[in-house]
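Structure assessment
What follows is each chain in one-letter form.
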Amino acid sequence: MQISSVNDVKIYNLSHGKSLPEWLSDRKKRQLQKKDVDVQRRIELIQDFEMPTVCTSIKVSRDGQFILATGTYKPRIRCYDTYQLSLKFERCLDSDVVAFDILSEDYSKLVLLHCDRYVEFHSQHGHYYKTRIPKFGRDFAYHYPSCDLFFVGTSSEVYRLNLEQGRFLNSLQTDAVEHNVCDINPVHHLLATGTIEGRVECWDPRVRTRVGLLDCALSSVSEGTELQGLPSVSALKFNGSLTMAVGTSTGQVLLYDLRSSRPLLVKDHYYNLPIKSLNFHEQLDLVLSADSKIIKIWNKDTGKMFSSIEPPTNINDVCIYPHSGMLFTANEDPKMNTFYIPALGPAPRWCSFLDNLTEELEESPESTVYDDYKFVTRKDLENLGLSHLVGSSLLRAYMHGYFMDIRLYHKVKTMANPFAYEEYRKDKIRQKIEESRTQRVQIKKLPKVNKDLALKLMEEGDDEAELASRKKKGKALPSILGDNRFQVMFENPDYQVDEQSEEFRLLNPIVSKVGQKRKKKLRLLAQQAADDQQAAEDNSDEELEGRASSEEEDSSDDDDKSWVDEVREQRRLIRQEGRDRRQQERKQADRDTSLLDQEPDVGEATADPARGKKGGQPRFFQLKAGEEFRSFGDMARKQKLQKASLEDRLKLEEHSGTSNMADAAVGSKQLTFTLQKSEQQRRQQQAEREHHEERKKLRRSAGHLSSARGRARGWGGGGRGRGRGGGGGRGGGRGGGRGRY
């Protein structure tokens, strides 16, 4: 059993402690209870009160004798008899249970809604009937006067199943896309459904019409609430005839009076987790709201916190035993927790011994074991000179150290360091002196590295501190100079900002303009704070604020244009410097070029070899005919090309097969090149060109072979002539004829 206290309210966790495996024999269990202290202190209120893996929901029958719980794996439902304090029966199911309800006073009539759209009915002997609904269900409620089951789920309709007639009735058509939960008022039987859009729709089952609509999503949002999505309704619970509690998916609980559309109270869990369970404690007017992390107990009239429970595992469901201070939780854990809070009410009559047990514990409070002991490590023992006590009864090993009596620790500490009080007194005097020095005028010392950056940060820090001092509740932001994480940036020379680098010159206009805007904004805020302190008239204040805003907009436009121009200018200067640098490198390379012998047949030195080896003496070489020095030849060719016209340069490039790169109009690059032809292709083109010239010279025209006589006979005569020479033709209307040469 574990005891905790929240707001001076004692909470007893009766499920705390080790749980013995089921496969252990009774003999082994008795042996463990004799030897293990934790097992001896364990209180097993109900035998085998657990699930194989996870418990999803838990309920208590109306007569208070039976506790039913569903869980997995495998899917099952278990019934516990409180009179026998043990498991009564267990029934395995085909699929997981989404929700279940007890229709009778005891366990004899059960309804289970499965995750695969099946609705299963159980009687006292076991499974009775199974049917299916059209859409996947999420919750259901039973209307006792008409014997109707109302199912809600992933549909805009609310399905009605009449258990007296044994058939489905006409559904209730709603305006919502999907429904999450539903509940029926026990007094006037009003049906309420919670939608995914954050609304609550109220229906009268007698006439099957909607009588009310509440928008809870808008009411759940308060000042300072950060929402990541639209709040949907995740829990509903009625209390009496007029009070209704609504839980949202963002962790808020809203209490409504049905006669008003505005909530009476909004309680936030501050965990941003969906509310999973809502319960009312009628005797003390308390509300128990639970999400997956915590159970909060608070007053329904004022919202004042009464107590809270934080189990070690996530919560799935909470159930209060009627007219008592005991509650059960279904968790993401095999064990189902049982909590007893004497401040909420007495213990149930089947475990009335808990009242006597808790009273005895409260009458004889025991101090914690560690109050009279000091935890020390092995290094502390060596400093105190107590290493020889390891293994004795004066030291008790625990984790990475030892526990020792606090009186022994203080005594040894005084003997080991008799001047501890003097050192403590000197430290206090030093702290007082340092506090008095802060009131003097301090000289700001710049660091050795990044002095300009440090000076800039100091100026900005002074401006922000001045602005924070003028505001009533303003606080200055911490500076980078006082942060140890950035200390190396002002000490290590490797972090020195290179102001001549290309990256710095391109970013500096932007950073400087941002800094100027920040300073301008600080000045405007300081001016506004000064105006507020002077308490000027409202009209004049509005006019001044309007002018400041317009000036700020105009200045912001000018600043944007100016820093763009500066960035362009810096880019132009960087490109110009790059061209100049490359030109200087080429000149320097040409100037430092030395002529060395690379091949033996290139030439022989005309100067004396002994004289050529001496430093500072020039060396002369003779070049063969047809050879050209590469560097000077390139320079001469370039100078010649610069004097030539554009047409000549283009022709020369096309002839030589060189490439040409130019800037396109759209800012990209285009490349023009001509492939140089091989020697065989040039010889073939030259041979074809000579052949065509020869054919032109040998070809003769046939126009001079036609005569007047031949033309007359060809057009006028009717006979047929023959000739195999120059002019023969055919008569009969066609002249000319064919000829061969």
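Starting from 1, residues in each chain are numbered consecutively following that chain's sequence as written. With the structure being a predicted model, the display of local features is reserved for residues of pLDDT at least 70 and the display and counting of side-chain atom pairs for 80 or more, all residues being used for whole-chain, interface and lining totals. Excluded from the side-chain calculation are hydrogens and water; included are all heavy atoms of the structure.

**Section: the packing of aromatic side chains**
For the record, the criterion: Note on aromatic contacts: the rings of Phe and Tyr and the six-membered ring of Trp form a pair at centre separations within 6.5 Å, being stacked when their planes are under 30 degrees apart, edge-to-face when over 60 apart, and tilted otherwise. The helix and strand labels rest on DSSP assignments: H or I over at least four residues marks a helix, E over at least two residues marks a strand, and numbering proceeds from the N terminus. For a Lys NZ or an Arg CZ to count as sitting over a ring, it must be within 6 Å of the ring centre and within 35 degrees of the ring normal.
Taken as a whole and assessed by the stated rule, the structure comprises ten aromatic pairs. Between Phe 140 and Phe 151, the ring centres sit 5.6 Å apart and the planes meet at 40°, which makes this aromatic pair tilted. Here Phe 140 is found in strand β11 (residues 137-143), whereas its partner Phe 151 is found in strand β12 (residues 148-153), with eleven residues between them in sequence. Through successive ring pairs, a cluster of aromatic residues spans Phe 49, Tyr 80 and Phe 328. The aromatic ring of Phe 100 is capped on one face by Lys 59, whose charged end is 6.0 Å from the ring centroid.

**Thoughts on the sheet that holds strand β18 (residues 209-215)**
Note the cut-off: Any two strands with at least two DSSP-identified bridges between them are counted as paired. Fitted lines through C-alpha atoms give the axes, limited to the stretch in contact for helices. The angle between two N-to-C directions lies from 0 to 180 degrees.
Pairing in this open sheet of four strands is antiparallel, and the strands run β15-β16-β17-β18 from one edge to the other. Sheet topology places β15 (179-184) and β18 at the edges, where each strand pairs with a single neighbour. Adjacent strand axes in the sheet meet at a mean angle of 20° when their direction is disregarded. Where strand β16 (residues 191-195) meets strand β17 (residues 199-204), four bridges bridge the pair, whose relative direction is antiparallel. Bridge pairing links Gly 194 to Val 200 in β17.

**Remarks on the sheet that holds strand β19 (residues 233-239)**
Spatially, β19-β20-β21-β22 is the arrangement adopted by the four strands of the open sheet, whose pairing is antiparallel. Single-partner strands in this sheet number two, and they are β19 and β22 (265-268). Shown here is a sheet whose adjacent strand axes are inclined to one another by a mean of 15°, direction ignored. As defined by bridge partners, β19 adjoins strand β20 (residues 243-248) across six bridges and the pair is classed as antiparallel. Bridged to Lys 237 within β20 is Ala 245.

**A few points about unusual backbone geometry**
Between Thr 72 and Tyr 73 the backbone carries a cis peptide bond, its omega angle lying at -5°. With respect to the element layout, Tyr 73 can be found in the loop between β4 (66-72) and β5 (76-81). The peptide bond linking Tyr 73 to Lys 74 adopts the cis configuration, its omega dihedral lying at 10°. Mapping Lys 74 onto the fold places it in the loop between β4 and β5. Even without glycine at this site, Asp 48 takes up a positive phi of about 55°. With respect to the element layout, Asp 48 can be found in the loop between α2 (37-41) and β3 (54-60).

**A closer look at the side chain of Thr 131**
Heads up, the rule is: Burial status follows relative accessibility: with a 1.4 Å probe on protein chains alone, a residue under 20% of its type maximum counts as buried, one over 50% as exposed, and anything between as partly exposed. Contacts are assigned to residue pairs with any non-hydrogen atoms lying within 4.5 Å of each other.
Structurally, Thr 131 can be placed in strand β10 (residues 127-132). Look at Thr 131 and you get buried, because its relative accessible area is 14%. Each residue touching Thr 131, except ones within four places of it in the same chain, is listed here: Arg 117, Tyr 118, Val 119, Phe 121, Leu 161 and Phe 168.

**Quick notes on the nonpolar core**
Quick note on the threshold: Side-chain atoms within 4.5 Å link the members of a nonpolar core, which is a set of buried Ala, Val, Leu, Ile, Met, Phe, Trp, Tyr and Cys residues.
In terms of nonpolar packing, the biggest core is built from 23 residues, with Phe 49, Ile 58, Ile 67, Met 326, Phe 328, Trp 350 and Leu 354 touching the most fellow members. Sorting the residues of this core by element identifies β3, β4 and β28 (326-331) as the ones contributing at least two each. Those residues within four positions of Trp 350 in sequence are excluded, and the remaining contacts are Leu 45, Ile 46, Gly 64, Thr 82, Leu 85, Tyr 321, Met 326 and Phe 328. Among the nonpolar cores identified, the runner-up in size contains 15 residues, and Ile 11, Leu 288, Ile 297 and Leu 344 belong to it.

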